[in-house]
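Letter by letter, the chains look like this.
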Amino acid sequence: TSSVPLILDSFLTPRKAIPFLACAVQMFLSFAMGATECVLLGMMAFDRYVAICKPLRYPEIMSKSAYVPMAAGSWAAGSSTAMVQTSLAMRLPFCGDNVINHFTCEILAVLKLACTDISINVISMTVANVIFLGIPVLFISFSYVFIIATILRIPSAEGRRKAFSTCSAHLTVVVVFYGTILFMYGKPKSKDPLGADKQDLSDKLISLFYGVVTPMLNPIIYSLRN
């Protein structure tokens, strides 16, 4: 079963019970898809850089022997970090009524139920955020610095327009996806109970946005260029 129908089902029936193993699988798939998307967007930025800045060498650089390992490596990296994060979270002892204050088994919501020290999980999540959020964002930013500089050197307005249209779909997805992810995982946590409740609600809505809305928008965004 895909994750989107599960999210929508949880949205309609928020107190629905979920088995422990199913929660772990849902957490793994959600984290793996998100981490893989982060790496893939970085790889796609390199593809756009080669297409704009080195167009004559594009077939040579972005050959099948190059893009297949890049795609496979993205999936392997995303799945590996998801396995680590899920394993660390599922090994924690949980107490209370085990009610997850979220639409899905999102890892941050699950960690709030642990009745022990989660410093190892926090450190692991921080390292994962740096690797899968910080590094790809820097890579994308540097790629687009060179891309924009190259586009500005194109003499004709029509040429600049065509060059920019090559990157517009990817850039739109980057802004929407990373914007919501960074807002959710990078913002400071409120210590005020009322503020924490509002923060929990915003986390749910943001998770729903990047988990459901963004994937639904991707085909539309990428098809606009065509």
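Residues numbered from 1 in each chain as written. Predicted model: local features only at pLDDT ≥ 70, side-chain atom pairs only at ≥ 80, totals over all residues. Heavy atoms only, no water.

Section: the UniProt feature "transmembrane region" (unreviewed entry) in the chain
Thinking step 1. Under the UniProt annotation, the feature "transmembrane region" (unreviewed entry) is placed at residues 18-46, 66-84, 130-152, 164-185 and 205-224.
Thinking step 2. End C-alpha atoms of residues 18-46 are separated by 40 Å, and the span's content is 93% helix alongside 0% strand.
Thinking step 3. Helix makes up 100% of residues 66-84 and strand 0%. Its end C-alpha atoms lie 27 Å apart. (UniProt positions renumbered as here; feature names shortened; annotations may be inferred. Helix = DSSP H or I, 4+ residues; strand = E, 2+ residues; numbered from the N terminus.)

Some thoughts on the packing of helix 4 (residues 64-90) against helix 6 (residues 119-152)
Thinking step 1. Relative orientation of the contacting elements helix 4 and helix 6 amounts to 165°, with a least axis distance of 10 Å. It follows from the interaxial angle that helix 4 and helix 6 lie roughly antiparallel. The two elements helix 4 and helix 6 meet at a crossing, and its hand is left-handed. Of the residues in helix 6, those in contact with Ala77, Gly78, Thr81, Val84, Gln85, Leu88 and Ala89 of helix 4 are Asn121, Ser124, Met125, Ala128 and Phe132.
Thinking step 2. Residues that form the contact of helix 4 with helix 6 fall into these classes: seven nonpolar, five polar and no charged. (Axes fitted to C-alpha atoms, helices over the stretch in contact; angles between N-to-C directions. Parallel < 35°, antiparallel > 145°, perpendicular 65-115°, else oblique. Left-handed = near helix turned anticlockwise from the far one by under 90°. Contact = heavy atoms within 4.5 Å. Nonpolar A, V, L, I, M, F, W, Y, C, P; charged D, E, K, R; others polar.)

Brief notes about the packing of helix 2 (residues 20-53) against helix 4
Thinking step 1. Contact geometry of helix 2 with helix 4 gives a least axis separation of 7 Å together with a crossing angle of 145°. Seen along the crossing, helix 2 lies across helix 4 with a hand that is right-handed.
Thinking step 2. Looking at the contact of helix 2 with helix 4, its residues break down into 19 nonpolar, seven polar and no charged.

Some thoughts on a nonpolar patch on the surface
Thinking step 1. Together, Leu21, Val25, Leu29, Met33 and Trp75 make up a nonpolar patch on the protein surface, roughly 490 Å² of accessible area in all.
Thinking step 2. Counting through the fold element by element, Val25 comes out in helix 2.
Thinking step 3. Note on Val25: relative accessible area 43%, which makes it partly exposed. (Patch = residues over 30% accessible without salt bridge, like charges linked within 9 Å, V, L, I, M, F, W, Y side chains within 5 Å. Areas by Shrake-Rupley, 256 points an atom, 1.4 Å probe, with all protein chains shown as cover. Salt bridge = Lys/Arg side-chain N within 4 Å of Asp/Glu carboxyl O. Buried < 20%, exposed > 50% of the residue type's maximum accessible area, 1.4 Å probe, protein only.)

Side note on the side chain of Arg48
Thinking step 1. With respect to the helices, strands and loops of the structure, Arg48 is situated in helix 2.
Thinking step 2. The class for Arg48 is buried, based on a relative accessible area of 16%.
Thinking step 3. Among residues more than four places away in sequence, those in contact with Arg48 are Tyr58, Tyr144, Ile147, Thr166, Cys167 and His170.

Points about the packing of aromatic side chains
Thinking step 1. All told, the structure shown has three aromatic pairs when counted by the stated rule.
Thinking step 2. Measuring from ring centre to ring centre gives 6.3 Å for Phe46 and Tyr49, while their planes differ by 35°; the resulting arrangement is tilted. Of the two residues, Phe46 and Tyr49 are both situated in helix 2; the distance of three residues between them amounts to about one turn of the helix.
Thinking step 3. The class for Phe46 is partly exposed, based on a relative accessible area of 27%.
Thinking step 4. Here the aromatic residues Phe46, Tyr49 and Phe146 are joined through ring pairs into a cluster of three or more. (Phe/Tyr/Trp six-rings, centres within 6.5 Å; stacked < 30°, edge-to-face > 60°.)

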